[in-house]
Amino acid sequence: METRKSRLELQIEEKKEKQKKLFVIAGVLIGLIICAAAFGYMATQQNEKPDNTVSQQTGANSTEPELPPEPLIPEVAEENLWMTRLVNSTSLLEDGYVPELVVVNSAGYRFDARAAEDLNAMMQAARDAGLSPMICSAYRSWERQNTLFDKQVVKQQNTGLPYEEAYEKAKTVVTFPGTSEHQTGLAADIVASSHQVLDDSQEQTAEQQWLMEHCWEYGFILRYPKDKSEITGIIYEPWHYRYVGHEVAQYIHENGLCLEEYHQQLAEQKARLATESTEPRQYEQG
C-alpha cells in the first residue's frame, strides 16, 4: 500500500508542477500582450501630439525680425495723390488752384485731363447699355462756385431763415468756395437726360442705377452717399461722382465707405504700421 501511495503522490505532484508551469507561461504571455498594447497606445499618442520642439527652438533662437503685416487698405503712390485728394469743409484747396483741364462733351464741360479718359469711358459704357446719361456740371472756377453759393444763401433766406442760418444751411447744399470738389476737376454731376432734376428722385432713374453699380469699374465713386451726410457734411446727392482711381474706387465700393472714411482708415493703418516698425522686439534666449 505504501508503494502505490507514493506513486500516486508523485503523479499528483507532477500534475501540479505542470499546471504551475502553464500558469507561469500564460502569465508571461498576458504580460507581453499588455505591454505590446500599452506601447502601441503610447506610440499613437506621440504621433498625434504636435511637435513644437522645432518651432519653439526657432522662435527662441531666431534673430530675424518679424515683418509687419501687409497693408490691407490701398494707398496710391506719391505721384498719384491727386486722385484721392480730400476736399471738404476742413480740407480746403489752396487759393487759385486750377488743374489741367480738357473738354469732355459737346456742352463744353471740362474735367481734369488725367481722369478725362475714364470719365468718357464710363459715359460711353452707359450709353452702350442703352441709357442716356448727361453731364450737367463738372469743373467749376472759383468765381462760378462763389456765385452758386451766394445764390443758395439767398434761396435759404427766402424760406424765412436769418442770414447766419441761411449761410450755414447753404453749406450743406452748395459747398463753400475752396471746399468744392468741382474745383478739383475730378467731380461731375451726371443725370438722366429724361430726368434732369437734382433731388433724391434722381436715384430712381435707370442711369443712376447703372452708375451706382458700375462707376467704380472706371475709378469713380458716388461721393455723397445716402446715410453718410453726418460724415461728409453734404446732403445725399445721387448724381455727384468723384474720380479716385480704380483701386481705391473698388475698395470704397466693396466696403460701403465715403471718401472721408477711406482717409480715416488709411491714417489709422499708417499709424499702426509705424508703431509696429518702431516697437523693440523681445526674443527668448535658447
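Going by the structure above, here's the rest.
Treat the numbers as computed from the prediction; the structure is a model and nothing was measured.

Calculation notes
- Residues numbered from 1 in each chain as written.
- Predicted model: local features only at pLDDT ≥ 70, side-chain atom pairs only at ≥ 80, totals over all residues.
- Heavy atoms only, no water.
- Phe/Tyr/Trp six-rings, centres within 6.5 Å; stacked < 30°, edge-to-face > 60°.
- Helix = DSSP H or I, 4+ residues; strand = E, 2+ residues; numbered from the N terminus.
- Buried < 20%, exposed > 50% of the residue type's maximum accessible area, 1.4 Å probe, protein only.
- Lys NZ or Arg CZ within 6 Å of the ring centre and 35° of its normal.

**Describing the packing of aromatic side chains**
Item 1. This model, assessed by the stated rule, comprises nine aromatic pairs.
Item 2. Plain terms: the ring middles of Phe149 and Phe176 are 5.1 Å apart, the flat faces sit at 90° to each other, and that makes the pair edge-to-face. Of this pair, Phe149 sits in helix α4 (residues 142-157) while Phe176 sits in the loop between α5 (163-171) and β4 (187-192), and the two are 27 residues apart along the sequence.
Item 3. By relative accessible area, Phe149 is classed as buried at 1%.
Item 4. On the accessibility criterion, Phe176 (31% relative accessible area) is partly exposed.
Item 5. Judged by centre distance (5.9 Å) and plane angle (45°), the ring pair of Tyr163 and Tyr167 falls under tilted. You can see Tyr163 and its partner Tyr167 sitting in helix α5, four residues apart, about one turn around the helix.
Item 6. Residue classification places Tyr163 among the partly exposed residues on the basis of a relative accessible area of 44%.
Item 7. Connected via pairs of aromatic rings, a cluster forms that spans Trp82, Phe111, Phe220 and Tyr243.
Item 8. Directly above the ring of Tyr97 sits Arg85, whose terminal nitrogen or CZ lies 5.2 Å from the centroid.
Item 9. Positioned above the aromatic ring of Trp82, the side-chain terminus of Arg114 is 4.1 Å from the ring centre.

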